[in-house]
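# Examination of the molecular architecture
Listed here are the chains, written in short residue letters.
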Amino acid sequence: MPGRKSSLLYWAISWLSWPVLLAVCLAITGWGFSLDQPVIYFNFAYFGLAVSLFLLERFMPHERLWLDYDGQLLSDIGHTLLSKGTVQGLFIFGGLIGLADFLEASEEARSGPWPHHWPMVLQIVLALIFAELFLYWAHRIAHEWYPLWRFHAIHHSVGRLWIFNAGRFHFFDSLVSILVGIMPLIMLGATAEIIQWLSAVTAFIGMLTHCNVDMRFGPLSWVFNTPALHRWHHSRDLREGNRNYGENIMMWDIVFRSYINPSHRPPVNIGTSDSIPANFFRQLTWPFVRAVRDGKVADPRS
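Keep in mind that what you see is a predicted model, and the values were worked out from it rather than measured.

What counts, and at which threshold
Residues numbered from 1 in each chain as written. Predicted model: local features only at pLDDT ≥ 70, side-chain atom pairs only at ≥ 80, totals over all residues. Heavy atoms only, no water. Helix = DSSP H or I, 4+ residues; strand = E, 2+ residues; numbered from the N terminus. Buried < 20%, exposed > 50% of the residue type's maximum accessible area, 1.4 Å probe, protein only. Contact = heavy atoms within 4.5 Å. Areas by Shrake-Rupley, 256 points an atom, 1.4 Å probe, with all protein chains shown as cover. Salt bridge = Lys/Arg side-chain N within 4 Å of Asp/Glu carboxyl O. Polar contact = N/O pair within 3.5 Å; in protein donor to acceptor, adjacent residues only side chain to side chain. Expected span 1.5 Å × (residues − 1). Bend = angle between axes of the 7 residues up to and from the residue. Patch = residues over 30% accessible without salt bridge, like charges linked within 9 Å, V, L, I, M, F, W, Y side chains within 5 Å. Axes fitted to C-alpha atoms, helices over the stretch in contact; angles between N-to-C directions. Parallel < 35°, antiparallel > 145°, perpendicular 65-115°, else oblique. Nonpolar A, V, L, I, M, F, W, Y, C, P; charged D, E, K, R; others polar. Phe/Tyr/Trp six-rings, centres within 6.5 Å; stacked < 30°, edge-to-face > 60°.

Our focus in this paragraph is the overall build of the protein. Along its length, the protein carries 14 helices and zero strands. Moving toward the C terminus, one meets the helices and strands of the protein in the order α-α-α-α-α-α-α-α-α-α-α-α-α-α. Buried positions account for 51% of the 302 residues belonging to the protein. Partitioning the intrachain contacts of the protein with sequence separation of at least 6 by distance along the chain shows that 76% fall at a separation of at least 24. By element, 69% of the accessible surface of the protein is carried by carbon and sulfur atoms, the whole surface being about 14,300 Å².

Here it is as structure tokens:
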């Protein structure tokens with residue numbers, strides 16, 4: 001391994017894999033939009049990203065211990081399917097069963113201030129920045145207010161990070177994120193295409209963020225949510241774990257002073273102190289059972 005890490009190929013992949021994979025996924029999705037087939041091309045790009053990262057996790061893992069089986073694969077897949085991959089599910093929903101048609105049909109009736117005359121790229125950037133403000137505070141409140149933490153804790157109950165727990169969210173936690181991130185854009189008059197682009201970008205960055213690949217980022221971590229930043233967010237130490245709340249970009253973490261990016265290696269022993277059951281179905285009911293058992297709003301972690 002030391003010899004491999006010192007090779008030019010390893011060095012090049014570690015620096016280029018994150019931006020190149022994201023750029024390729026966005027290019028494929030953009031191609032799909034140009035052909036009026038965004039959902040098909042998005043899913044093709046998403047599947048290709050998953051395969052690429054799965055192979056990279058074995059060729060150059062950030063943490064080799066995280067390659068060991070933790071007994072949570074079925075739970076990871078179950079939560080991903082039930083929550084429909086968080087915002088990825090909204091993308092599929094919007095493309096296949098009506099949200100996109102609803103937005104386009106009601107576009108003329110809306111008088112929102114969304115800048116439709118801007119170039120599409122600038123509209124997507126604006127959507128990322130604006131939606132991220134609401135996603136940031138929804139995520140931060142889910143950490144700092146225990147009634148919502150009960151649901152979000154399911155995501156943090158893993159002992160390793162890899163591509164299969166990128167979509168591991170309790171369905172209620174996922175629903176809150178979707179509504180908080182998307183509804184303000186709809187109210188402003190953003191089109192279905194903007195909503196779909198936001199959903200696609202979030203899905204790609206979400207998988208990249210959770211991958212167990214030894215990557216280098218440099219200044220990218222000042223702009224985007226990278227695996228290097230998100231590993232601190234999964235720390236058991238709340239002084240580290242209650243940081244880096246951004247979904248896609250780190251702008252609001254910097255503004256609200258929750259950004260950290262220490263130079264030393266993040267902790268390997270990640271997770272939460274809450275006693276989350278290992279069974280998928282018990283994980284679904286755990287937040288409700290815990291709420292009844294607590295009988296109060298007080299945070300037992302404090």
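Resuming the write-up.
Looking now at the pattern of salt bridges. Per the stated rule, a full pass over the model turns up seven salt bridges. Among the salt bridges present, the one from Glu 57 reaches Arg 58, with a minimum N-O distance of 3.6 Å. Glu 57 gets classed as buried once you look at its relative accessible area, which sits at 0%. Across the pair Arg 160 and Asp 70 runs a salt bridge whose closest N-O atoms are separated by 3.4 Å. A residue pair is termed long-range when its members are at least 10 positions apart, and Arg 160 in the loop between α8 (146–156) and α9 (171–188) and Asp 70 in the loop between α3 (38–59) and α4 (73–82) qualify at 90 residues. Overall, the relative accessible area of 4% leaves Arg 160 in the buried class. Look at Asp 70 and you get partly exposed, because its relative accessible area is 29%.

Turning to its location among the elements, Thr 29 is positioned in helix α2 (residues 8–34). Overall, Thr 29 belongs to the buried group, its relative accessible area being 0%. A distance of 2.9 Å separates a polar atom in the side chain of Thr 29 from the backbone oxygen of Cys 25. Not counting residues up to four positions away in its chain, the partners in contact with Thr 29 are Phe 42, Ala 45, Trp 197, Ala 200 and Phe 204.

Since the α-helix turns once every 3.6 residues, residues separated by three or four places project in the same direction. For helix α14 (residues 280–294), spanning 15 residues, the distance from its first C-alpha to its last is 21 Å, which sits close to the expected 21 Å at 1.5 Å a residue. At Trp 286, α14 shows its maximal bend, which comes to roughly 45 degrees, and the proline Pro 287 appears one to four places after that position. Of all the residues in α14, the buried ones are Phe 280, Gln 283, Leu 284, Trp 286, Pro 287, Arg 290 and Asp 294. Looking at the buried side of α14, the elements it contacts are α4, α8 and α9. For α14, the side-chain oxygen to backbone nitrogen distance between the N-cap and Phe 281 is 2.9 Å, and the N-cap itself is Asn 279.

Quick look at a nonpolar patch on the surface now. On the surface, a cluster of nonpolar side chains totalling about 650 Å² of accessible area is made up of Phe 47, Val 51, Phe 54, Leu 55, Ile 77, Leu 81 and Phe 164. Broken down by secondary-structure element, the contributors of at least two residues to the nonpolar patch are α3 and α4. Residue contributions to the nonpolar patch peak at four residues, all from α3. Along the chain, the position of Phe 47 falls in helix α3. Overall, the relative accessible area of 60% leaves Phe 47 in the exposed class.

This part covers the packing of α4 against α14. As a packed pair, α4 and α14 sit with axes 9 Å apart at the nearest point and diverge in direction by 55 degrees. Comparing the axis directions of α4 and α14 gives the class oblique. Together, Ser 75, Gly 78, His 79 and Leu 82 of α4 and Phe 280, Gln 283 and Leu 284 of α14 make up the contact between the two elements.

Now for the packing of helix α7 (residues 120–144) against α8. Relative to each other, α7 and α8 sit at 100 degrees, their axes nearing to 6 Å. With respect to α8, the element α7 is oriented roughly perpendicular. Mapping the contact onto sequence places His 139, Ile 141, Ala 142, His 143 and Glu 144 in α7 and Tyr 146, Leu 148, Trp 149, His 152 and His 156 in α8. A class-by-class count of the residues in the contact of α7 with α8 yields five nonpolar, four polar and one charged.

Taken as a whole and assessed by the stated rule, the structure comprises 18 aromatic pairs. Their ring planes at 40 degrees and their centres at 5.3 Å tell us that Phe 42 and Phe 204 sit as a pair that is tilted. Highlighted residues: Phe 42 in helix α3 and Phe 204 in helix α10 (residues 192–210), separated in sequence by 162 residues. With respect to class, Phe 42 is no different from Phe 204; both count as buried. Ring geometry for Tyr 46 and Phe 204: centres 6.4 Å apart, planes at 35 degrees, overall tilted. Taken together, the positions of Tyr 46 in helix α3 and Phe 204 in helix α10 put the pair 158 residues apart, joining distant regions of the chain. The exposure class of Tyr 46 is buried, given its relative accessible area of 16%.

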